[in-house]
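# Descriptive structure summary
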Amino acid sequence: MLDADFFRRWMTGMAAAVDREADRLTELDSAIGDADHGANLRRGFAAVVKALEEEPSGTPGSLLVLAGRQLISTVGGASGPLYGTLLRRAGKALGDAAEVAPVQLAEALRVGVAAVAQLGGAKAGDKTMLDALEPAVEALAESLGESFAAAADAADQGALATVPMRARKGRAGYLGERSVGHQDPGAASAALLVATLAAARGAR
Ligand code: ADP
Ligand code: MG
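What this report covers is the structure whose coordinates are included nearby. (Residues numbered from 1 in each chain as written. Chains lettered and ligands numbered in written order. Predicted model: local features only at pLDDT ≥ 70, side-chain atom pairs only at ≥ 80, totals over all residues. Heavy atoms only, no water.)

Looking now at the overall build of the protein chain. Per the secondary structure count, the protein chain includes nine helices and two strands. The secondary structure elements of the protein chain, listed N-terminal to C-terminal, are β-α-α-α-α-β-α-α-α-α-α. Taken over C-alpha atoms, the radius of gyration comes to 15 Å for the protein chain, in line with the 17 Å a tight globule of 204 residues would show. Along the first, second and third principal axes, the C-alpha atoms of the protein chain reach 50 × 35 × 30 Å. Within the protein chain, buried positions represent 52% of all 204 residues. For the protein chain, restricting intrachain contacts to residue pairs at least 6 apart in sequence, the fraction spanning at least 24 positions comes to 68%. Only carbon and sulfur atoms are counted for the fraction: they give 52% of the accessible area of the protein chain, which is about 8,800 Å². If the 21 positive side-chain charges of the protein chain are averaged to one point and the 25 negative ones to another, these points end up 5 Å apart. (Helix = DSSP H or I, 4+ residues; strand = E, 2+ residues; numbered from the N terminus. Rg over C-alpha atoms; globule rule 2.2 N^0.38 Å. Buried < 20%, exposed > 50% of the residue type's maximum accessible area, 1.4 Å probe, protein only. Contact = heavy atoms within 4.5 Å. Areas by Shrake-Rupley, 256 points an atom, 1.4 Å probe, with all protein chains shown as cover. Lys, Arg positive; Asp, Glu negative; His and termini not counted. Charge placed at Lys NZ, Arg CZ, Asp CG, Glu CD.)

In structure tokens, the structure reads:
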């Protein structure tokens with residue numbers, strides 16, 4: 001079972017990963033965006049960690065909702081509301097149990113990713129974070145929530161697969177053909193989110 005500590009480890013792990021990889025994320029965003037993705041996520045996940053520290057109680061669901069809210073209110077860019085929606089909707093889907101089964105998390109993440117697609121009007125192949133998130137939640141659901149490592153591998157492959165894609169959404173969408181040949185920054189950060197999820201489970 002996954003308890004509140006697991007979700008805290010996931011979020012603090014993501015904050016550390018974003019800190020470590022901020023320059024790379026910003027470089028990717030400077031090629032096909034406005035060079036703020038690393039800074040955006042750094043600010044957002046630092047706020048998440050702070051809010052979680054100030055909330056010593058909390059269930060898996062309520063902690064994810066809290067984290068999502070922080071991202072929505074502190075990240076200026078498109079990625080804030082999108083990642084915020086992912087965590088908030090997944091958290092709501094988990095309800096108020098003190099512990100959740102991995103298969104429940106797999107299903108909750110699927111709900112969250114569907115909400116991201118709806119909010120952004122994007123689908124797989126549009127060269128966005130969804131190109132990493134969708135294969136990851138599919139891999140997790142296929143293994144009934146057991147294989148976090150498979151989810152992380154799928155997210156990595158999905159992020160790399162955005163390189164030859166032509167962007168259809170967000171700032172990169174305005175570049176059209178010129179977006180080809182660059183990895184999508186949001187897909188790269190989504191792969192980090194899934195990798196840190198796997199690490200919180202001890203699967204990576
Ligand atoms: P901004 O584009 O406002 O500067 P960020 O740089 O923080 O915001 O985030 C950019 C990332 O957000 C993109 O690389 C992409 O993955 C994701 N993104 C942008 N628009 C959408 C959308 N409509 N649907 C899904 N993801 C999107
Ligand atoms: Mg940007």
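The immediate surroundings of ligand 1 are formed by 20 residues, with His37, Asn40, Ala78, Ser79 and Asp184 found nearest. In this structure, an oxygen atom belonging to ligand 1 sits 2.8 Å away from a main-chain N or O atom of alanine 78. The fraction of the free accessible surface of ligand 1 (570 Å²) that becomes covered by protein chains is 92%. Among the elements of the structure, helix 2 (37-53), helix 4 (79-94), helix 8 (170-173) and helix 9 (185-200) are those that each provide at least two residues to the shell around ligand 1. Element by element, the count of residues in the shell around ligand 1 is highest for helix 9, at three residues. Tallied by class, residues from the shell around ligand 1 come to six nonpolar, eight polar and six charged. (Near = heavy atom within 4 Å. Polar contact = N/O pair within 3.5 Å; in protein donor to acceptor, adjacent residues only side chain to side chain. Nonpolar A, V, L, I, M, F, W, Y, C, P; charged D, E, K, R; others polar.)

Here helix 4 contains 16 residues, and its C-alpha end-to-end distance of 23 Å stays within 8% of the 22 Å for a straight helix at 1.5 Å per residue. Burial in helix 4 covers these residues: Ser79, Gly80, Leu82, Tyr83, Gly84, Thr85, Leu86, Leu87, Ala90, Gly91 and Leu94. (Expected span 1.5 Å × (residues − 1).)

Next up on the list: the coordination of the magnesium ion (ligand 2). Around the magnesium ion (ligand 2), the protein supplies Asp29 (OD), Asp34 (OD) and Asp36 (OD) as donor atoms, at distances of 2.0 to 2.3 Å. If you list the donors of the magnesium ion (ligand 2) from N- to C-terminus, the spacing comes out as D-x4-D-x1-D. Judged by its relative accessible area of 23%, aspartate 36 falls in the partly exposed class. (Donors = N, O, S within 2.8 Å, 3.2 Å for Na, K, Ca; no water.)

A separate point is the nonpolar core. Among the nonpolar cores identified, the biggest contains 61 residues, and Phe7, Trp10, Met11, Phe45 and Leu105 are the most heavily contacted of them. Of all the secondary-structure elements, those providing two or more residues to this core are helix 1 (4-32), helix 2, helix 3 (60-74), helix 4, helix 5 (102-120), helix 6 (130-142), helix 7 (148-160) and helix 9. Residue contributions to this core peak at eleven residues, all from helix 1. Filtering out sequence-adjacent residues up to four positions away, tryptophan 10 remains in contact with Leu64, Leu87, Leu109, Leu193, Thr196, Leu197 and Ala200. (Core = buried A, V, L, I, M, F, W, Y, C linked by side-chain atoms within 4.5 Å.)

Helix-helix packing: each pair is described by the crossing angle between the helix axes and the interaxial distance. One way to put it is that helix 1 packs onto helix 3 with a least axis distance of 8 Å and a crossing angle of 25°. Judged by the inter-axis angle, helix 1 sits roughly parallel to helix 3. For helix 1 against helix 3, the interelement crossing comes out right-handed. Of helix 3, the residues touching helix 1 (which contributes Ala4, Phe7, Arg8, Trp10 and Met11) are Pro60, Leu63, Leu64 and Ala67. Considered class by class, the residues forming the contact of helix 1 with helix 3 number eight nonpolar, no polar and one charged. (Axes fitted to C-alpha atoms, helices over the stretch in contact; angles between N-to-C directions. Parallel < 35°, antiparallel > 145°, perpendicular 65-115°, else oblique. Left-handed = near helix turned anticlockwise from the far one by under 90°.)

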